[in-house]
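Descriptive structure summary
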Amino acid sequence: MRILIAVVLLGSAISLAAQDSLQFTLDDVLELAKRNHPIVKQAGLQDQFAEAEIRAAKGYMDPKLESSFNRKEYKGTEYYSKFYNSLKIPVWFPIDPKIEAYRNSGEHLSEENYVSSSNDYWQFTAGVSLPLGKGLFIDERRALIKQANIYSDIAEAEKIKLTNKALFTIVKAYWEWYFAFKQYELMQQSMSIADEIFKRVKLDYEYGEAAVVDTVQAKITFQNRRADFINSQVQLNSAKLALSIHLWSNEGLPLEIPERASPSEASSQWIVPEDSTLNKIVTWAAENHPEVTKVTAKKAQYEVEQQWNRESLKPQIDLSYSFIDAPISYSGFEPIDIGENYKIGMDFSFPLLLRKERGKLQKTKLYVESLEFDYMQTQQQVGAQIRSVFVELIASEQLTLQYLDLSRNYQRLLEAEIFNVENGESDLFKLNIQQDKFIEAQIKYLKVQTTFEKLKAELPYVAGLPYLSYLNMYE
């Protein structure tokens, strides 16, 4: 009964080892990654990029203060002294207020620059400029601000894309570790059984109950099992290191998986959705997938540029009107009289061939049309990827159940064969065959199980759900 007792004791040892080990769940790993993973933190910088882009664009609306001073004196004569100051206050509407202050003096000033000495040579103007042609409905600064605001959608999509890619990589690494760990346990168990059988056969040989060839066969089996165990140990270490590179502390220091840590197959992260839910996922992804969002946002940016290029086909007609010494004057505030003391101007320009403007407009039209095709293709690809992964997921779920049942049946056969060997009704050759079949079935089960778990996470990944969470569909 030694073999059977060894198996029972081995099972107890594994259970105790599992109790002593530190359970390291996938939920724990992902939560740690969301807080500290460098790629996830890098993805978070996309929001700041968007803010910087918007701030830079809004800089075109910043008030602008200008000042200049020129003075000429020759042989004791002040030819001129010109001091100019202005404050421009751009606003969203195409009416730009402007306040100017002059202080001009000198014996050789032009009449245009002459300012009376009664106000200590100071003169103030306050007025506005208005484009009547190009720039009335949209100008370059408004176009840039609109495009910067749209860029925030691109930044958010890029953030989701980078984060999801990092998290999905971690998920795959975790399940590779899980597979390697379970394979290691299986090989350890198989080696222990082979070792116990080898010891039993040697003891039987010493008592004349077994032939020499039986000890050789038992030793070869043990050596093979030991080689498989060593190989599984190497694979486990590699898988553990592959997962460890994604673990970081709050202080930004790399972490390692503890020696006693073991993976858990329990995870509340993902489910196998129903067909009706699949349609919801496809519909959601068709509008919200990061790649779809990026194409949509780029198209919107080019549409703004197209609007500006279309506006550029109009002639440049800028009107300006300023009150002189009203409502601001040297002595204080003065009443406004539109018909007196004013400056009025008009600037006109118009390229006769408009080749540059028409070329830009044509290019933006082509970009918009190209992105429309890209939008359609991206939607189609996203939908096809989701449905393809879903089909694989359902098939993998069925395979997992099939291989689990198959593995259990082989385990029953192995236990029955061990029982027969104990009762002298079988031999080591048959026992080894049954053990090989059980190991093979168990490895197949572990492979399809880990594939199944990866596919459960891959479905929200290809759907572009933020943080691979289905909850985002119902927000």
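Coordinates for the structure precede this section.
1. Brief notes about the overall build of the protein
Counting its secondary structure elements, the protein contains 9 helices and 10 strands. Expressed as lengths along the three principal axes of its C-alpha atoms, the size of the protein is roughly 135 × 50 × 35 Å. Across the 475 residues of the protein, 40% fall into the buried class. In the protein, of all internal contacts separated by at least 6 residues, the share reaching a separation of at least 24 is 76%. Counting every atom, the protein has about 27,300 Å² of accessible surface; 54% of that belongs to carbon and sulfur.

2. Here's the deal with the packing of helix α6 (residues 275-288) against helix α7 (residues 290-311)
Axis separation between α6 and α7 bottoms out at 6 Å; the angle between their running directions is 35°. Contacts between α6 and α7 pair A285, A286, E287 and N288 from the former with P290, V292 and T293 from the latter. Tallied by class, the residues present in the contact of α6 with α7 amount to 4 nonpolar, 2 polar and 1 charged.

3. Structural notes on helix α8 (residues 355-422)
In this model α8 runs 96 Å from its N-terminal to its C-terminal C-alpha over 68 residues, within 8% of the 100 Å that 1.5 Å per residue would give. Immediately beyond the C-terminal end of α8, within one or two residues, lies G424, with a positive phi of roughly 70°.

4. Focus on the packing of aromatic side chains
All told, the structure shown has 15 aromatic pairs when counted by the stated rule. With a centroid separation of 5.1 Å and an interplanar angle of 75°, the aromatic rings of W175 and Y178 are classed as edge-to-face. Taken together, the positions of W175 and Y178, both in helix α4 (residues 140-206) and 3 residues apart, correspond to about one turn of that helix. Accessibility expressed as a relative area gives 1% for W175, which makes it buried. An aromatic cluster is present here, built from F24, Y174, W175, W177 and Y178 joined pairwise through their rings. Just above the ring of Y79 sits the side chain of K72; from NZ or CZ to the centre is 4.7 Å. Sitting over the face of the ring of Y80, K82 holds its NZ or CZ atom 5.1 Å from the ring centroid.

5. Let's talk about the pairing of strand β4 (residues 96-105)
Relative to β4, strand β3 (residues 77-88) runs antiparallel, the two being bridged by 8 bridges. Bridging across to β4, K88 finds its partner in K98. Where β4 lies against strand β5 (residues 122-131), 8 bridges are found, and the strand directions are antiparallel. Across the sheet, residue I99 finds its bridge partner in β5, namely A126.

6. Details of the sheet that holds β5
What the 6 strands build is an open sheet, ordered β2-β3-β4-β5-β7-β10; its pairing is antiparallel. Every other strand in the sheet has two partners, leaving β2 (64-74) and β10 (342-349) as the edge strands with one partner each. Sheet twist, expressed as the mean angle between neighbouring strand axes with direction ignored, is 15°. Pairing geometry for strand β7 (residues 316-324) and β10, over 8 bridges, is antiparallel. Across the sheet, residue F323 finds its bridge partner in β10, namely Y342.

7. Focus on α4
The terminal C-alpha atoms of α4 lie 97 Å apart, and with 67 residues this matches the ideal 99 Å at 1.5 Å per residue to within 8%. Looking one or two residues beyond α4, the residue adopting positive phi is G208, at roughly 80°.

8. Focus: the nonpolar core
The biggest cluster of nonpolar side chains holds 72 residues, and the ones touching the most others in it are W177, L243, W270, I386 and L459. Residue assignment for this core shows that the elements contributing at least two residues are α2 (26-36), α4, α5 (212-244), α6, α7, α8 and α9 (428-463). For this core, the leading source of residues is α4, giving 21 residues. Those residues in contact with W270 that sit more than four places away from it in its chain are L26, L30, V171, K456, A457, P460, L468 and Y470.

9. Observations regarding a nonpolar patch on the surface
There is a patch of nonpolar side chains on the surface, built from L132, L319, M346, F348, F350, L352 and L353 and spanning about 750 Å² of accessible area. A relative accessible area of 44% places L132 in the partly exposed class.

Cut-off values and rules
Residue positions are given per chain, counting from 1 as you read along its sequence in written order. Restriction of local features to residues with pLDDT of at least 70 applies here, the model being predicted, together with a cutoff of 80 or more for giving and counting side-chain atom pairs; totals for whole chains, interfaces and linings are based on all residues. Values reported for side chains reflect all heavy atoms of the structure, with hydrogen atoms and water molecules removed beforehand. A run of DSSP states H or I qualifies as a helix once it reaches four residues; a run of E qualifies as a strand once it reaches two. Both are numbered from the N-terminal end. Burial classes: relative accessible area under 20% of the type maximum marks a residue as buried, over 50% as exposed, and values in between as partly exposed (1.4 Å probe, protein chains only). In this analysis, two residues are considered to be in contact whenever any of their non-hydrogen atoms come within 4.5 Å of each other. In this description, accessible areas are obtained by the Shrake-Rupley approach with a 1.4 Å probe, and a residue is regarded as covered only by the protein chains that are shown. What counts as an axis is a line fitted to C-alpha atoms, over the stretch in contact for a helix, and the angles between N-to-C directions run from 0 to 180 degrees. Polar here means any residue outside two lists: the nonpolar Ala, Val, Leu, Ile, Met, Phe, Trp, Tyr, Cys and Pro, and the charged Asp, Glu, Lys and Arg; Gly therefore counts as polar. Multiplying one less than the number of residues by 1.5 Å gives the expected span of a helix. Ring pairs shown here join Phe, Tyr and Trp side chains whose ring centres sit within 6.5 Å, with only the six-membered ring taken for Trp; geometry is labelled stacked below 30 degrees between planes, edge-to-face above 60, and tilted in between. Ring-over charges, as used throughout, are those where CZ of Arg or NZ of Lys falls within 6 Å of the ring centre and within 35 degrees of the ring normal. Here, a strand pair is defined by DSSP locating no fewer than two bridges between the strands. For this analysis, a nonpolar core means a set of buried residues of the types Ala, Val, Leu, Ile, Met, Phe, Trp, Tyr and Cys, connected via side-chain atoms within 4.5 Å. Only residues whose relative accessible area exceeds 30% and that take part in no salt bridge are eligible for patches, with like-charged residues grouped when within 9 Å of each other and nonpolar side chains (Val, Leu, Ile, Met, Phe, Trp, Tyr) grouped when within 5 Å. Definition used for salt bridges: Asp or Glu carboxyl oxygen within 4 Å of a side-chain nitrogen of Lys or Arg.

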